[in-house]
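What the coordinates show
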Amino acid sequence: MKSVTIYTGPLCNYCDAAKRLLTRNNVEYKEINIATVDGAMDETIPQIFFDDQHIGGYDETRALEKENKLQELLK
């Protein structure tokens, strides 16, 4: 299974929704809070990666879930 990394930030409802979506699908992930990374606070969040493949944010990940493609991409 691919490693999953999600970049999040403080007070981000989409970040919370993305983490719930991953948890609901039994996906283990590494979370990186951009508030702890120098110069990263201007980045758009959440950003989700499967290994080195950029998936996008919550909307893109939710679309994969709806299309039943999420688990296939994680293999």
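The structure we're discussing is the one just above.
About the thresholds
- Residues numbered from 1 in each chain as written.
- Predicted model: local features only at pLDDT ≥ 70, side-chain atom pairs only at ≥ 80, totals over all residues.
- Heavy atoms only, no water.
- Pairing = 2+ DSSP bridges.
- Helix = DSSP H or I, 4+ residues; strand = E, 2+ residues; numbered from the N terminus.
- Buried < 20%, exposed > 50% of the residue type's maximum accessible area, 1.4 Å probe, protein only.
- Axes fitted to C-alpha atoms, helices over the stretch in contact; angles between N-to-C directions.
- Contact = heavy atoms within 4.5 Å.
- Disulfide = S-S within 2.5 Å.
- Parallel < 35°, antiparallel > 145°, perpendicular 65-115°, else oblique.
- Left-handed = near helix turned anticlockwise from the far one by under 90°.
- Nonpolar A, V, L, I, M, F, W, Y, C, P; charged D, E, K, R; others polar.
- Expected span 1.5 Å × (residues − 1).

1. A look at the pairing of strand β4 (residues 53-56)
With three bridges joining them, strand β3 (residues 47-50) and β4 adopt antiparallel strand pairing. Paired with Phe 50 across the bridge in β4 is Gln 53. Hairpin connection of β3 to β4: two residues between the antiparallel strands, including Asp 51 at a positive phi of 55 degrees.

2. Quick word on the pairing of β3
What you see with β3 is a clean split: Ile 48 and Phe 50 sit on the buried side and Gln 47 and Phe 49 on the side with no burial. Note: strand β1 (residues 4-8) against β3, four bridges, orientation antiparallel. Bridge pairing links Ile 6 to Ile 48 in β3.

3. Quick notes on the sheet that holds β4
Strand order in the open sheet made by the four strands is β2-β1-β3-β4, with mixed pairing throughout. Across the chains shown, the open sheet's two edge strands, defined by having one partner strand only, are β2 (30-33) and β4. In this sheet, neighbouring strand axes are inclined to one another by 25 degrees on average, regardless of whether the strands run parallel or antiparallel. Running at roughly 160 degrees to β1, helix α1 (residues 13-24) makes contact with β1, β2 and β3 of the sheet.

4. Side note on the state of the cysteines
Applying the stated criterion to the full structure yields one disulfide. With a sulfur-sulfur separation of 2.4 Å, Cys 12 is cross-linked through a disulfide to Cys 15. Between Cys 12 and Cys 15 the disulfide shows an S-S torsion of about 80 degrees. By sign, it is right-handed.

5. A look at the packing of α1 against helix α2 (residues 58-66)
Between α1 and α2, the shortest axis-to-axis distance is 9 Å and the interhelical angle comes to 25 degrees. Between α1 and α2, the crossing angle belongs to the class labelled roughly parallel. Between α1 and α2 lies a crossing of left-handed hand. Counted together, Tyr 14, Ala 17, Ala 18, Leu 21, Leu 22 and Arg 24 of α1 and Tyr 58, Asp 59, Thr 61, Arg 62 and Glu 65 of α2 form the full contact between these two elements. Grouping the constituent residues of the contact of α1 with α2 by class yields six nonpolar, one polar and four charged.

6. What to know about α1
The terminal C-alpha atoms of α1 lie 16 Å apart, and with twelve residues this matches the ideal 16 Å at 1.5 Å per residue to within 8%. Taken as a whole, α1 has its buried residues at Cys 15, Ala 17, Ala 18, Lys 19, Leu 21 and Leu 22. A positive backbone phi angle near 55 degrees is found at Asn 26, which sits one or two residues after α1.

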